[in-house]
Amino acid sequence: MTDVTGVPAADVLHTLFRSEQGGHEQVVLCQDRASGLKAVIALHSTALGPALGGTRFYPYASEAEAVTDALNLARGMSYKNAMAGLDHGGGKAVIIGDPEKIKTEELLLAYGRMVASLGGRYVTACDVGTYVADMDVVARTNQWTTGRSPENGGAGDSSVLTAFGVFQGMRASAQALWGDPTLRDRKVGVAGVGKVGHYLVEHLLTDGAQVYITDVREESVRRITEKFPQVTVVADTDALIRVEGLDIYAPCALGGVLSEETVPFLTASIVCGAANNQLAHPGIEKDLVERGILYAPDYVVNAGGVIQVADELHGFDFDRCKAKATKIFDTTLEIFARAKADGIPPAAAADRIAEQRMADARRG
């Protein structure tokens with residue numbers, strides 16, 4: 001059996017049941033033909049509590065690619081929530097299709113009903129291609145929805161605290177590598193200045209960094225340059241990673257950007273960004289170590305947003321959330337110290353700490 005592009009469905013089943021990237025508790029395939037909804041909801045773990053993770057709306061090349069992305073993202077959420085100290089497991093949903101072409105109120109309401117059918121095992125929020133206004137619609141058919149607008153009882157845009165957390169991770173990385181948490185006069189390249197990246201740029205400029213940016217969307221770049229003309233724009237990500245004297249590279253768009261094709265050309269000494277699943281595959285973290293590049297694990301530093309949406313379930317308090325997100329600085333330093341003590345890459349150290357917390361919860 002194959003999908004429409006010829007990718008064997010068995011490959012997906014192998015990932016789910018047999019590979020190291022699998023181990024998921026539940027995967028739900030969702031369809032509502034009336035609205036055009038096709039979605040995948042993946043629950044990796046509920047050991048720490050209900051699975052929490054966003055909804056990605058993206059025009060995948062195939063259904064198999066969508067399932068694989070949902071599996072990887074859900075697994076990452078288990079680790080992210082564990083490292084953030086949240087009482088939530090990991091889950092993720094992907095809606096297949098171009099949101100600019102097929103996103104409708106009817107489709108979002110149908111999606112909400114699909115999430116609600118899980119009875120609270122999965123709590124959803126925003127991700128790439130979905131926004132606060134979308135979650136307001138989803139919440140009409142699903143009580144387990146976060147990332148809603150303040151007018152509808154939510155916390156609003158979680159990108160604010162996501163960017164703040166990444167900034168704390170950068171400060172910790174600078175402390176670990178250079179002995180000083182300030183980013184003043186450091187060259188920082190931000191790839192992707194959309195929902196999270198543009199807030200991150202503001203933090204960096206306030207701290208005195210020299211900022212370089214790139215984005216596939218011209219309007220996103222223009223929004224930055226009109227407000228901050230001192231920012232330098234480069235053509236694309238390939239040009240950004242090669243900027244001479246770059247100190248920090250911040251991937252803030254889609255994942256898989258750290259690979260055999262890109263790592264050899266990185267000029268930065270630190271990689272710390274908001275994108276999920278930045279490592280193209282296992283083993284890339286060792287390539288970074290061999291090149292002397294300090295990698296701040298993505299799911300650790302970008303946890304500010306999930307801290308915010310989790311707090312929304314208990315009555316949102318911004319100051320309480322910001323205080324929790326500030327601790328990303330200490331958590332990142334803890335990971336670097338564990339990596340040094342164990343002689344392993346930071347990504348492996350973060351995995352060990354997260355896996356221990358999940359294992360302790362299962363035994364409990």
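Only a predicted model underlies this, so the values are computations on that prediction, with no experimental measurement involved. (Residues numbered from 1 in each chain as written. Predicted model: local features only at pLDDT ≥ 70, side-chain atom pairs only at ≥ 80, totals over all residues. Heavy atoms only, no water.)

J.: I keep staring at the pattern of salt bridges and nothing clicks. Help me out?
T.: Here the idea is simple: oppositely charged side chains can pair when their charged atoms come close. Under the definition given, this model contains 17 salt bridges. A salt bridge links Asp342 to Arg352; its shortest N-O distance comes to 3.2 Å. Of this pair, Asp342 sits in helix H14 (residues 328-342) while Arg352 sits in helix H15 (residues 346-363); the two residues are ten residues apart in sequence, bridging distant segments of the chain. Residue classification places Asp342 among the partly exposed residues on the basis of a relative accessible area of 34%. (Salt bridge = Lys/Arg side-chain N within 4 Å of Asp/Glu carboxyl O. Helix = DSSP H or I, 4+ residues; strand = E, 2+ residues; numbered from the N terminus. Buried < 20%, exposed > 50% of the residue type's maximum accessible area, 1.4 Å probe, protein only.)

J.: What's the story with the confidence of the model for the chain in this structure? I'm lost.
T.: Any region with low pLDDT has predicted coordinates that should not be read closely. Considering every residue of the chain, the mean pLDDT works out to 93; 95% of them sit at 70 or more. Across residues 1-7 the pLDDT falls below 50, and counting only partners more than four positions away or on other chains, this stretch makes 13 contacts in the model. (pLDDT = per-residue confidence, 0-100. Contact = heavy atoms within 4.5 Å.)

J.: Help me out: how do you make sense of the nonpolar core in this one?
T.: Nonpolar side chains in soluble globular proteins tend to be buried together. Ranked by size, the top nonpolar core spans 41 residues in total, and within it Met170, Val190, Leu200, Val201, Leu204, Val211 and Ile213 carry the most contacts. A per-element tally of this core places helix H6 (residues 159-178) first, with five residues. Non-local contacts of Leu200, meaning those with residues more than four positions away in its chain, are made with Ala163, Val166, Phe167, Met170, Val190, Ala250 and Cys252. Listed in part, the 21 residues of the second largest apolar core include Cys30, Tyr111, Leu118 and Met135. (Core = buried A, V, L, I, M, F, W, Y, C linked by side-chain atoms within 4.5 Å.)

J.: Looking at this structure, I do not really get the sheet that holds strand S4 (residues 89-96). What am I missing?
T.: Spatial strand order, S1-S2-S4-S3-S5: five strands in an open sheet with mixed pairing. Both edges of this open sheet fall to strand S1 (26-32) and strand S5 (122-126), since each of them pairs with a single strand only. Averaged over all adjacent pairs, the angle separating strand axes in this sheet is 25 degrees, with direction ignored. Where strand S2 (residues 37-45) and S4 come together, six bridges link them in antiparallel fashion. From the neighbouring strand, Ile41 faces S4, where its bridge partner is Ala93. (Pairing = 2+ DSSP bridges. Axes fitted to C-alpha atoms, helices over the stretch in contact; angles between N-to-C directions.)

J.: Honestly, the sheet that holds strand S9 (residues 248-251) in this entry has me stumped. Any pointers?
T.: Working definition: the strands of a sheet are paired by backbone hydrogen bonds and lie parallel or antiparallel to each other. Read from one edge of the open sheet, six strands run S8-S7-S6-S9-S10-S11, paired in parallel fashion. The strands lining the two open edges of the sheet, one partner per strand, are strand S8 (232-233) and strand S11 (294-295). Of the strand pairs in this sheet, strand S10 (residues 270-271) and S11 are connected by two bridges, and their pairing is parallel. Paired with Ile270 across the strands is Leu294, a residue of S11.

J.: Help me understand the pairing of strand S6 (residues 187-191), please; the structure alone is not making it clear to me.
T.: Remark: a regular strand shows side chains that alternate across the two faces of the sheet. Most of S6 is tucked away: four of the five residues are buried. Taking the sense of rotation as the criterion, the β-α-β connection linking S6, helix H7 (residues 197-206) and strand S7 (residues 210-214) turns out right-handed. Pairing analysis gives four bridges linking S6 to S9, with the strands arranged parallel. Residue pairing in the sheet places Val188 in a bridge with Ile248 of S9. (Right-handed = clockwise from strand over helix to strand, strands pointing away.)

J.: Help me understand the packing of helix H13 (residues 318-326) against H14, please; the structure alone is not making it clear to me.
T.: A packed helix pair is summarised by two numbers, namely the angle formed by the two axes and the spacing between the axes. In contact at an axis separation of 5 Å, H13 and H14 are set at 20 degrees when each is read in the N-to-C sense. In terms of orientation, H13 and H14 fall into the roughly parallel class. Listed contacts from H14 to Lys324, Ala325 and Thr326 of H13 are Ile328, Phe329 and Asp330. Each residue belonging to the contact of H13 with H14 can be placed in one class, and the counts come to three nonpolar, one polar and two charged. (Parallel < 35°, antiparallel > 145°, perpendicular 65-115°, else oblique. Nonpolar A, V, L, I, M, F, W, Y, C, P; charged D, E, K, R; others polar.)

J.: I keep staring at helix H12 (residues 304-312) and nothing clicks. Help me out?
T.: Because an α-helix packs 3.6 residues into every turn, residues spaced three or four apart end up facing the same way. Taking burial as the measure, the nine residues of H12 include nine buried ones, the bulk of the element. What H12 keeps buried is the set Gly304, Gly305, Val306, Ile307, Gln308, Val309, Ala310, Asp311 and Glu312. For H12, the secondary structure elements touched by its buried residues are strand S3 (51-58), helix H2 (63-83), S5, H6, H13 and H14.

J.: When you look at H2 in this model, what are you seeing that I'm missing?
T.: Its 21 residues give H2 an end-to-end C-alpha distance of 30 Å, which sits within 8% of 30 Å, the value for a rise of 1.5 Å per residue. Taken across its 21 residues, H2 has 17 buried, putting it largely inside the fold. (Expected span 1.5 Å × (residues − 1).)

J.: Honestly, the side chain of Asn142 in this entry has me stumped. Any pointers?
T.: Among the secondary structure elements, Asn142 is positioned in the loop between helix H5 (132-138) and H6. Only 3.0 Å separates the side chain of Asn142 from the backbone oxygen of Trp144, close enough to count as a polar contact. (Polar contact = N/O pair within 3.5 Å; in protein donor to acceptor, adjacent residues only side chain to side chain.)

J.: Would you take a moment to explain the side chain of Lys92 for this structure?
T.: With respect to the helices and strands, the residue Lys92 is situated in strand S4. In terms of polar contacts, Lys92 uses its side chain to reach the side chain of Asp127, at 3.1 Å. Among residues more than four places away in sequence, those in contact with Lys92 are Val40, Ile41, Ala42, Gly53, Gly54, Ala70, Leu73, Ala74, Met77, Tyr122, Asp127 and Asn276.

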